[in-house]
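Read off the chains here:
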Amino acid sequence: RLVSDWSSDVCSSDLWTVSRVELDVKGQRVEVFAEHKKPKTWPCPECGVACKLHDHDEERVWRHLDSCQFQTFLHARIPRVNCSEHGVRQARVPWAEPRSRFTALFERLAIAVLLETDVSGAAKILGLSWDEAQHVKERAVARGLLRRPHQVPRLMGIDEKSLAKGHRYATIACDLEAGHVIGIAEGRTGDSLVAALGRFSINELQTIEAVAMDMSGAFLSRMRVLLDEPDDKIVFDRFHIVAHMNEAVDKVRRRENKALRADGDDTLTGSRNMWLYGEENLPEKYEAAFAALRSADLKTARAWAIKESLRQLWKQRNRTAGQRWWKSWHAWAVRSRLEPIKQVAAMVQRHLPNVLTYFKHRITNAGSEAINSVIQMLKKRAFGYRSFPNFRTAVLFHCGGLSLYPSHP
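Residues numbered from 1 in each chain as written. Predicted model: local features only at pLDDT ≥ 70, side-chain atom pairs only at ≥ 80, totals over all residues. Heavy atoms only, no water.

**What about the environment of W275?**
Relative to the helices and strands, W275 is located in helix 10 (residues 272–276). Distance in space between the C-alpha atoms of W275 and A301 is 8.3 Å, their sequence separation being 26 residues. Setting aside anything within four residues of it in sequence, one finds W275 in contact with N246, V249, R253, L268, F290, L293, R294, T300, A301, W304 and K307. Reaching out from W275, the side chain makes a polar contact with the side chain of S271 at a distance of 3.1 Å. (Helix = DSSP H or I, 4+ residues; strand = E, 2+ residues; numbered from the N terminus. Contact = heavy atoms within 4.5 Å. Polar contact = N/O pair within 3.5 Å; in protein donor to acceptor, adjacent residues only side chain to side chain.)

Below, the structure written as structure tokens:
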């Protein structure tokens, strides 16, 4: 009865059957041995043509789903066929994909666990080494990339992410409509941008309608080459611009706090986080203290008010209204006598045409925020990545929108 059950569960084929099952109670292992019948021909794994049996490989072992908490292993000698077109090839087995050390059912379980936890945690749950669990992840990503339809995104986002502390970055290209990563490459240069988009030809890239990105000179110069009519397609992301304004506000706060503390005034001490919130996102616990700071005669309060006002730019009805509103805000920022604010205003002014293309396409990298939060979680969980290939695998595994699971017979 046990052998019959294993034959239907593991082999799932008329050609293969389980010959015996051995139970090692002390080692907490179940050993399952499969044998095949002797058909006249076997299908070539490359072209499917019926071929004669050539010989058998040495016995191979696959890890299968546990049986009553006992690790289970499937043993078999795989036949090799002699194809007139492809030569001697190893026949395919119904329970596993080629070159895999695990059955398809076990890989599906491993992928489900890896989607919920990190590699170390999954390895402990599954009873694997770290390298074995990582290899399952890499195979799943490779499988998913092969299955992914070759489709150029209509709206694309370009961003950069750090791998860990220090100056190591990756360039990430996202499909803003589908909400997944389409390419990733090491570095944050023009060449890394080309590498991230390497699966698409120049002609295919011409079909992109709009690209949301920051004002990186390296990215901008390369996108002007890759896109036709780039001035109408490149949209400088508003969240990056507001992030520059947040940095400017913090610079004003640090300078003012240093001057105040020299006079024994601790008004701004401990207030850093408050100034980084948007008005509608300020936590309730800060409301009273922040209201007092805003009503005080502080340079930081003026800088924050200018930053909050800038966010109204993207709420204008159209490009004409946006341009008119920008002139008013720019004049206010220039007259503020706050150097960090003036520097950001000058930077945006230089790139204003591609800021105002927002009103044509109405896109931002906000569609990538869910991806960014997942990437931040992955980095935190792994304490950063020393290896770019491992970082790339993790991002594509969790954020690539890939079909990860092996086919099941």
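Okay, back to it.
**Let's talk about the layout of surface pockets**
By volume, the largest pocket is sized at about 820 Å³. Together, 28 residues line the largest pocket, and F239, H240, V242, A243 and N246 are the ones closest to its centre. Where the lining of the largest pocket is concerned, the elements lending two or more residues are strand 9 (155–162), helix 9 (238–262), helix 10, helix 12 (299–310) and helix 17 (369–382). Looking at the lining of the largest pocket element by element, the count peaks at 8 residues for helix 9. Across the lining of the largest pocket, the residue classes break down as 7 nonpolar, 7 polar and 14 charged. Considering only enclosed or pocket space, the second largest pocket measures out at about 350 Å³ in volume. Contributing to the lining of the second largest pocket are 18 residues, with V119, W130, A382, G384 and Y385 lying nearest its centre. When residues of the lining of the second largest pocket are traced back to their parent elements, those giving at least two are helix 3 (119–126), helix 4 (130–147), helix 17 and helix 18 (388–399). (1 Å grid on protein atoms, 1.4 Å probe; cavity = no way out; pocket = protein on both sides within 12 Å on 5 of 7 lines; lining within 4 Å. Points joined across faces, edges and corners; volume = space filled by probe spheres on them. Nonpolar A, V, L, I, M, F, W, Y, C, P; charged D, E, K, R; others polar.)

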